[in-house]
Amino acid sequence: MIARATPTLPARPAAPGTPSLVGNKRAQGHRFYLTGGRVLEGDLHRSPGSRLADHLSTLKGFISVTNARCLQSGHPFGYIVLNQDAVLFIEELAVTADTAAATAASAYTAGV
């Protein structure tokens, strides 16, 4: 039997979420009104300048929310996933100049 070197496999393409995709979406505050009467406030990450309806149409039935907080109980959630069927409507919170400046500063310090 002759020993042969095993062929090397080609490098795999970059997976989603790699540094080339970082910074494509920005956190924006939203208020989520749920079917059970709860109201949550949190950040929805979407592309700058995109409409909320366009973003929601690309999702597959679930909405990822970061830095969420239940308004009734005050309980914080670092990350939560909402079923779109449980959401009555979503209110887009206004972005103030202070919030925009803080977001830009945090993106700069994060190296984005």
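Residues numbered from 1 in each chain as written. Predicted model: local features only at pLDDT ≥ 70, side-chain atom pairs only at ≥ 80, totals over all residues. Heavy atoms only, no water.

What follows deals with the pattern of salt bridges. Evaluation of the coordinates by the stated rule reveals five salt bridges. Its salt-bridge partner being arginine 69, residue glutamate 41 comes within 3.6 Å of it at the nearest N-O pair. Placement of glutamate 41 in strand β2 (residues 39-46) and of arginine 69 in strand β3 (residues 62-70) is noted, with a sequence separation of 28 residues between them. Owing to a relative accessible area of 37%, arginine 69 belongs among the partly exposed residues under this scheme. For arginine 46, the salt bridge is made with glutamate 92, and the minimal N-O distance between the two is 3.2 Å. (Salt bridge = Lys/Arg side-chain N within 4 Å of Asp/Glu carboxyl O. Helix = DSSP H or I, 4+ residues; strand = E, 2+ residues; numbered from the N terminus. Buried < 20%, exposed > 50% of the residue type's maximum accessible area, 1.4 Å probe, protein only.)

With 13 residues, the main nonpolar core has Phe32, Leu40, Ile63, Val65 and Leu82 as its most contacted residues. Residue assignment for this core shows that the elements contributing at least two residues are β1 (26-34), β2, β3, β4 (76-83) and β5 (87-92). The dominant element in this core, judged by the number of residues it contributes, is β3, at four residues. (Core = buried A, V, L, I, M, F, W, Y, C linked by side-chain atoms within 4.5 Å.)

Such coordinate-based values are descriptive only and should not be taken to indicate function.
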